[in-house]
Structure formats: structure tokens, C-alpha cells
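Breakdown of the fold
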Amino acid sequence: MTKEEILNILREAGDYVSGEFLAEKLGVSRAAVWKHIHTLIKEGYAVDVAQGKGYRLMSVPDKLYPAEIRHGLQTKLLGRKVIHLNVTGSTNTVARQVAERGVEEGTVVLAETQSHGKGRLGRKWVAKPGSLAMSVILKPAIDPMHASSITLMAAVSVTKALRGAGLEAAIKWPNDVLVNGKKICGILTEMSAETDIVNFIILGIGVNVNNDVPLETATTMKAELSREVDRVKFTQLLLEMLEEDYLTFKEEGFTPILWSWRRYSDTLGRLVEVTYQDEVVTGVAQDVDEDGSLLVKTADGSIRKIVSGDCKH
Ligand code: BTN
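Below is a short write-up of the structure. (Residues numbered from 1 in each chain as written. Predicted model: local features only at pLDDT ≥ 70, side-chain atom pairs only at ≥ 80, totals over all residues. Heavy atoms only, no water.)

Digging into the site of the ligand
Among the 20 residues in the neighbourhood of the ligand, the closest are listed as S90, T91, K118, R120 and K183. In the model, a nitrogen atom of the ligand is placed 3.4 Å from a nitrogen or oxygen of the N92 side chain. The separation between a nitrogen atom of the ligand and a polar side-chain atom of Q114 is 3.1 Å. Alone, the ligand offers 420 Å² of accessible surface; in the complex the protein occludes 99% of this. Judged by the fraction of its atoms near the pocket grid, the ligand is located in the largest pocket. Of all the secondary structure elements, the ones that give two or more residues to the shell around the ligand are α5 (91-100), β5 (132-138), β8 (182-193) and β9 (198-207). Looking at which element gives the most residues to the shell around the ligand, the answer is β8, with four residues. (Near = heavy atom within 4 Å. Polar contact = N/O pair within 3.5 Å; in protein donor to acceptor, adjacent residues only side chain to side chain. Areas by Shrake-Rupley, 256 points an atom, 1.4 Å probe, with all protein chains shown as cover. 1 Å grid on protein atoms, 1.4 Å probe; cavity = no way out; pocket = protein on both sides within 12 Å on 5 of 7 lines; lining within 4 Å. Sits in = over half its atoms within 2 Å of the grid points. Helix = DSSP H or I, 4+ residues; strand = E, 2+ residues; numbered from the N terminus.)

Structural notes on the packing of helix α1 (residues 2-13) against helix α2 (residues 19-26)
At a minimum axis distance of 11 Å, the contact between α1 and α2 shows a crossing angle of 130°. By the angle between their axes, α1 is oblique relative to α2. Of the two possible hands of crossing, α1 and α2 adopt the one that is right-handed. Touching T2, E5, I6, I9 and L10 of α1 are F21, L22, K25 and L26, all from α2. For the contact of α1 with α2, a count of residues per class yields six nonpolar, one polar and two charged. (Axes fitted to C-alpha atoms, helices over the stretch in contact; angles between N-to-C directions. Parallel < 35°, antiparallel > 145°, perpendicular 65-115°, else oblique. Left-handed = near helix turned anticlockwise from the far one by under 90°. Contact = heavy atoms within 4.5 Å. Nonpolar A, V, L, I, M, F, W, Y, C, P; charged D, E, K, R; others polar.)

Topic: the layout of surface pockets
A volume near 900 Å³ is recorded for the largest pocket. Together, 44 residues line the largest pocket, and K124, W125, D176, K183 and G186 are the ones closest to its centre. Secondary-structure elements contributing two or more residues to the lining of the largest pocket are α5, β5, β7 (176-179), β8, β9 and β14 (310-312). Of the residues forming the lining of the largest pocket, the biggest block, five residues, is contributed by β8. (Points joined across faces, edges and corners; volume = space filled by probe spheres on them.)

Structure (C-alpha cells):
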């Protein structure tokens, strides 16, 4: 893609590059080069245009553009194709539409803002500017019964990425990620499947990065670190962690992921109150099993297996 190539040449040069050089290198006309530069400027890149010297990239916008995400990304599968939207209803819905048309595994959908984002248990997840709203299309060769493994895996990967960014993140069952006891990330997976095969999984991840949230109940990376976070770098780190865990899952199965989940868990060993269908189960969270269910030891000493629900601790 010529526009991206021009951008990367300017980025790497760190100095003025002539239109003539760019045109010759990319096999296009100087007018075409100018058109691409014009588009870059419209997208928010600051490019200095100097007579006799050419073009110099002065700054890049705070946007999760495909060219930014792909630049320096250390993955083989995830994020090779990136779809970026300034505004959308839900990245999960967009991802489902493109997956139904047969897009390749690892395709990522990113939005700057999301008006009708979907959360767990029918809740909403509106993504404000400065946050990260991302959906990744995966096609694991697994039984649909084991799809929850991918959700738990994603909680592990997000926790690793947040820890890599310097935050003491931990997982609240089943897949909320907390920092200092407050929610910083939510995960929602959706699936298209037949009786015994998964067609695709949409792994939706929302992270509070630099956006504003009600700080009584939730938190952001910015609030915890007392500084703005580079969203592109964090998204790249997250994709790298997801890919690492996804490859482990494919090669070695769920067991090693489950051990990481236990290690990063904030729930195990705690007194919990889990709302499951119409019932509230209170007890000590003992463990999670191979299908991701929470095992709670209640006051009468019995163990309750909870497949899904809302957990408070
Ligand atoms: C939750 O904690 O309830 C899950 C929230 C998941 C939000 C993300 S944001 C990106 C993706 N698109 C959506 O519509 N939802 C997920």
C-alpha cells in the first residue's frame, strides 16, 4: 500500500525526503505522492512540506491506524490485517460481519469510539475516545463447548500486557481484569459454530487506557500510572501476548493457560458472592476447572460448580 510505504520511508528517514525520491522508489508519479501526503495530513499526520527539500514527518496522530499498529508489530498471525473505524456501534458486530465474509484468521477490528458496545450479561460497553475497543477474529479447531477457554485465555493475555505496562493487574472470574480492585478491562467473546466445529470466534476486548471513567467503580491505565499511555504500543503488546497464549493453547492445550489464569487470579481463595441465574451463591472460591467454571465451597462444606455469572468479592 503506497500511502503506508511513504509513511514508513518518512518515519525511518526522520528528515526531509524529496517527492522525486519517493516517486521513483515506489514507481508512482510525483502527483500521486502528493495525493498520499495530502491524505496523511487529512488523517492527522503532521508533515512539513518544504520547497526544494521535500516532505518531513513531524508527528503522528493519536489514532489506532492500521499503519501504526502494523509498524514494528512482532506477530505472525494477529494484526496482519487491521480494520480501523473512527466511530462504530460495536467492533464485535463489525468483526462478525467481516468474518462471515471469510476474512483471514487474526484480523483485528479497532474503533476510536463505540456507541453501542456490547458487554457481558446484556450490559453495554460504550468506548470513549482514548480507550481501546478491539475485536480479534480467531478460528481455533476446537469443540464449541470449549470456546470459554479463549475468553479465559484473553484475560491472561490482557493481564500480562498490563503487567508489561507496569500495572499490578489481576483477573476477577470469569474474565474481568482489575487494577487495585477496580475494573480496567472487559472481555466478550461471541461465536459462530455448528454442532461440533467452531466457524469463528470474535474476541472482543475493551480496555480503559486514557479515557475518562467513573473512578469510584472503574479505573484506567492513565489514572493508575498518572500519565497518558501510548495506545498503539499497548495494542501491539496486547496482540503479542494474545498471539503467544493462542499459540500455546493450540500447541499444548488449555492446561498451561489455566495455570497462568490461576496465578493471575484475584478471585481464588476469596470469599465470593456469585449471582448465577436467579440464585446467589456465597462461599470461598476454591478453583476453576478445565471448562472455566468456578468451584465455590459454601458454608455447609459442599462444592458448587458455577458455569457463568456475576462475581463479587
Ligand atoms: C464486559 O465486561 O461486560 C465485556 C465488555 C467487552 C467490551 C468490548 S469493547 C470491544 C468489543 N466490542 C464490543 O461491542 N464489546 C467488546
